[in-house]
Structure formats: C-alpha cells, structure tokens
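Each chain, letter by letter, is given below.
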Amino acid sequence: MHIIDVHSHIYPEKIADKASHSIADFYRIDARTEGTSAVLLEEGRAAGIDVYVVNSVATNVRQVRRINEFLLSEVRAHPEFRGLIALHPDMDEGAIRDEIEWGILNGFKGIKLHPDFQHFYLDEPRAKKIYRAASGKLPILFHTGDSRFNFSSPGRMAKVAEEFPDLICIAAHFGGWSEWNQVGVYKGLGNVYVDTSSTLAFISPDEAKRYIDYFGAEWFLFGVDFPMWNASEELERFMKVDISLEEREMILWKNASALIGIDLE
Ligand SMILES: [Zn+2]
C-alpha cells in the first residue's frame, strides 16, 4: 500500500508561521502548526505518506515567480515532493504560458489556484487565460466551495470543466468545501477529479461513503491540506469510510499515480 497526498501547502521558513495563521483565520480554526517542509515530512512519515504534491498560493502577480522558485528548490531538496506551480489571473496570457512552460521543463505536475484567496470568480474571463494555456498541458488543483462566498462554487467549477474539456480539474475538498452535497454536479463530465482534503472532519464516514459511491472512487484523490490538518488524523478519518480495499487503494494512491504520473510499485 502506498499513499500520495495530492494537496499540501508549504511556505518559506520566514513566513510559514504568519501564513499558517492567516489561513487558519480565514477558515476560523486554530492554526495547528507551522507550514514548513520539515513539519510536513515529519507528520507525513508518521502516517506513511510516500509522495506529497505541494503548492503555495500567490495572492498577487509579483509573488508568482518568487513562490515558484521556492517550490522548485523544495521539490529539488526533497525527493518525496512533486510541485504545483502558482499562477495569478492578473498575469497576461503570454506570461501565463511562459510560466507553464517553465513549470513543465522543471518537472512540475500541475497548477494550484485558490479563487477565494486570489479574489476571482472561478469562471470569470480573467481566469480563462489560465484554462486555455493549461488545457492539455497541466492539471489544475482548484480550491472549491465555501458557502460564505461565491468565488469557487461547485456550479462555477462544473461550468469551467464543461467549457474546457481538455483541462484536467481537481476540485478540492470533495468538490466544494462546506458544499459537499453538490459533488453530483461533476458527474459525467469526465475531466473533474475531487480530493478528500479538509472534509472528513466535517462529514460523517457514512456521508463520505455516499458521495464516493455516487460519484465513483475513480475520481477521488487523497489529500491532507497540510498545515490545516495532521496526516495521521486525516488518514484515520479516511479509514473509517466503509469502502472496498480496491477503492481505498485507488483513492490513496493509484488514481493520483496515474493522473499525475508518479511511479510507485
Ligand atoms: Zn489548498
């Protein structure tokens, strides 16, 4: 059995503490720990995680290059890491394409976007520059859902996936944080996966099983959303969901291994 965590955040040492707190404030939870690579690896090893797909979100255009260089240095330093580049919808289309080419050349596996933090509507024209450039090239992990706002609702996500059939989308948090019961909007689209992060503490194992059965285990990817959550605790919650061993293996690593191209035997 392997485990791939498709959704974890890391921050440069200098700002890790501050960044972890601002995210915690946003979601009105207590900041649990510092979001550094060292802590991610320590907690992940205890849970038996083999591979971590790491990201960091750029809240403005100026941060994009700095964050991507930081992620590259972390991925190079830790063989267990695979990276997702940061982009921002205010970049022009040429700069977006250049950044994607740079990411592919340097072995990045996808892109991370967080509409709620980056203040854009998931389906607005500004963001479509990114979807055009990424189609057929790199999957995008989207933060999705928040019943307090409307930036990244499952409905907007589904619209984008429909408009860009060659874009592989990973809709985080069972497809919509705090809007978990809407996972059905993705059914049949064929280019939307969902991850399990920041969800299993909020819904019951029975509810999680219902969504997995309904949408299909082949579309689910295990994610921790470090530093919000501890890997062992997230894994324990996932193990309480009553699905078959085959489905468990698909969600824990086989789907991600095939989708992102991570060789594990
Ligand atoms: Zn995230």
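For the structure, check the block above.
Residues numbered from 1 in each chain as written. Predicted model: local features only at pLDDT ≥ 70, side-chain atom pairs only at ≥ 80, totals over all residues. Heavy atoms only, no water.

(A) Inspection of the packing of aromatic side chains at higher detail. Tallying each qualifying case throughout the model produces 17 aromatic pairs. The interplanar angle of 20° and the centroid separation of 5.4 Å between the aromatic rings of Trp180 and Phe202 together place this pair among those described as stacked. Separated by 22 residues along the polypeptide, Trp180 in the loop between strand E6 (169-171) and strand E7 (192-195) and Phe202 in the loop between E7 and helix H8 (205-215) bring together distant segments of the chain. With a relative accessible area of 12%, Trp180 lands in the buried category. (Phe/Tyr/Trp six-rings, centres within 6.5 Å; stacked < 30°, edge-to-face > 60°. Helix = DSSP H or I, 4+ residues; strand = E, 2+ residues; numbered from the N terminus. Buried < 20%, exposed > 50% of the residue type's maximum accessible area, 1.4 Å probe, protein only.)

(B) Molecular detail of H8. Looking only at H8, the buried set comprises Ala208, Tyr211, Ile212 and Phe215. The arc enclosing the buried residues of H8, seen along the axis, measures out at 100°, which places them on a common side. Turned more than 90 degrees off the buried face of H8, the exposed positions are Asp206 and Arg210. Each element contacted by the buried residues of H8 is listed here: E7, strand E8 (220-221) and helix H10 (245-260). (Arc of directions from axis to C-beta. Contact = heavy atoms within 4.5 Å.)

(C) View of the sheet that holds E8. The parallel open sheet is built from eight strands, whose spatial order is E1-E2-E3-E4-E5-E6-E7-E8. Of all strands in the sheet, those bounded by a partner on one side alone are strand E1 (4-9) and E8. In terms of strand pairing, E7 meets E8 through two bridges, oriented parallel. When the sheet's bridge partners are listed, Asp195 is paired in E8 with Leu221. Here helix H4 (residues 93-105) sits on the sheet in contact with strand E3 (81-86) and strand E4 (110-113), set at roughly 175° to E3. (Pairing = 2+ DSSP bridges. Axes fitted to C-alpha atoms, helices over the stretch in contact; angles between N-to-C directions.)

(D) Expanded view of the pattern of salt bridges. Within this structure, the stated rule accounts for 15 salt bridges. Here Arg126 ties to Asp90 by a salt bridge, and the two come within 2.6 Å at their closest N and O atoms. You can see Arg126 sitting in helix H6 (residues 125-134) and its partner Asp90 sitting in the loop between E3 and H4, a full 36 residues away along the chain. The class of Arg126 is partly exposed, set by a relative accessible area of 25%. Using a relative accessible area of 46% as the deciding quantity, one classes Asp90 as partly exposed. Between Asp213 and Lys209 there is a salt bridge; the shortest N-O distance is 3.1 Å. Here Asp213 and its partner Lys209 are both found in helix H8, four residues apart, which amounts to about one turn of the helix. (Salt bridge = Lys/Arg side-chain N within 4 Å of Asp/Glu carboxyl O.)

(E) View of helix H2 (residues 37-47). Within the span of H2, buried status applies to Ser37, Val39, Leu40, Leu41, Glu43, Gly44 and Ala47. Considering only its buried residues, H2 is in contact with E1, strand E2 (51-55), helix H3 (61-77), E3 and helix H9 (231-239). Just downstream of H2, Gly48 is the residue with a positive phi angle, here 90°.

(F) The side chain of Lys128, seen in detail. Mapped onto the elements of the fold, Lys128 is located in helix H6. Those residues in contact with Lys128 that lie beyond four places of it in its chain are Asp123, Glu163 and Phe164.

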